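Coordinate analysis (summary)
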Amino acid sequence: MLDPTCFEYLDANRTKEIEALKAIANQYETPELINDGQQTAPSKRIIAQFPDYGKAKSAFGPQLAERIGLEVIWSRCPHFNTWLSRLESLN
């Protein structure tokens with residue numbers, strides 16, 4: 001839930017659901033902190049607003065990440081950035 005507005009890609013008419021995801025995202029310093037349990041994991045919260053996401057998470061996830069862009073993901077997700085930097089240093 002790095003950028004809930006990216007869900008407009010799935011359905012631009014679901015402004016209420018997008019606003020609900022924004023409210024959740026705004027409660028946390030980074031998107032990585034949203035993942036605080038199996039029932040409250042980001043995907044579960046997204047599915048609560050967009051049930052079809054659960055059926056096609058593996059297809060929608062990469063499309064949404066591409067819309068957000070790696071630069072934004074790196075800048076807003078320090079744990080991911082550290083992990084990716086470690087992988088890159090193995091080369």
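All residue numbers here refer to positions counted from 1 along the written sequence of the relevant chain. Local features in this predicted model are restricted to residues of pLDDT 70 or higher, and side-chain atom pairs are both shown and tallied only at a pLDDT of 80 or more, whereas totals for entire chains, interfaces and linings draw on every residue. Side-chain calculation: all heavy atoms of the structure are included, whereas hydrogens and water are not.

Here the focus is the side chain of E17. Helix numbering and strand numbering both begin at the N terminus, where a helix is a DSSP run of H or I of at least 4 residues and a strand a DSSP run of E of at least 2. Within the secondary structure layout, E17 lies in helix α1 (residues 15–25). Residue classification places E17 among the buried residues on the basis of a relative accessible area of 18%. In protein, a polar contact means a hydrogen-donor-capable atom and an acceptor-capable atom, both N or O and within 3.5 Å, with residues adjacent in sequence counting only if both atoms are side-chain atoms; elsewhere, any N or O pair within 3.5 Å suffices. Here R14 takes part through its side chain, which lies 3.0 Å from a polar atom of the side chain of E17. When neighbours within four sequence positions are excluded, E17 is seen to be in contact with Q49 and F50. Classification of residues uses two cut-offs on accessible area relative to the type maximum, computed with a 1.4 Å probe and protein chains only: under 20% is buried, over 50% is exposed, and between them is partly exposed. Whether two residues touch is decided by their heavy atoms; if any such pair falls within 4.5 Å, the residues are in contact.

A few words on the confidence of the model for the chain. The predictor attaches a confidence to each residue, and that confidence, scored 0 to 100, is pLDDT. Of the residues in the chain, 99% reach a pLDDT of 70 or more, and the chain-wide mean stands at 89. Looking over the chain, one finds the lowest element-wise mean pLDDT in helix α3 (residues 51–55), namely 88, and the highest in α1, namely 94.

With that settled, the discussion passes to the state of the cysteines. Note on disulfides: each one is a pair of cysteine sulfur atoms within 2.5 Å. Here the structure, examined in full by the defined rule, presents zero disulfides. Take C6: it sits in no disulfide, and the sulfur closest to it among the cysteines is that of C77, at 12 Å.

Looking now at the nonpolar core. The criterion is simple. A nonpolar core is a set of buried Ala, Val, Leu, Ile, Met, Phe, Trp, Tyr and Cys residues joined through side-chain atoms within 4.5 Å. Core analysis: the largest hydrophobic core is formed by 14 residues, its most contacted members being F7, L21, F50 and Y53. Every element with two or more residues in this core is listed here: α1 and α4 (57–68). Top element by residues in this core is α1. It accounts for three residues.

For salt bridges, the criterion is a side-chain nitrogen of Lys or Arg within 4 Å of an Asp or Glu carboxyl oxygen. The tally for this structure, following the rule as stated, stands at three salt bridges. For the salt bridge of D52 with K55, the shortest nitrogen-to-oxygen distance reads 3.4 Å. Note that D52 and K55 are positioned in helix α3 at a spacing of three residues, about one turn of the helix. For the pair D52 and K55, a shared accessibility class is recorded, and that class is exposed.

Take α4 next. The periodicity of an α-helix, 3.6 residues per turn, causes residues three or four positions apart to be oriented the same way. Here α4 spans 16 Å end to end across 12 residues, near enough to the 16 Å set by a 1.5 Å rise per residue. G69 occupies a position one or two residues after α4 and carries a positive phi of about 95°. Helix span, as expected, comes to 1.5 Å for every residue beyond the first.

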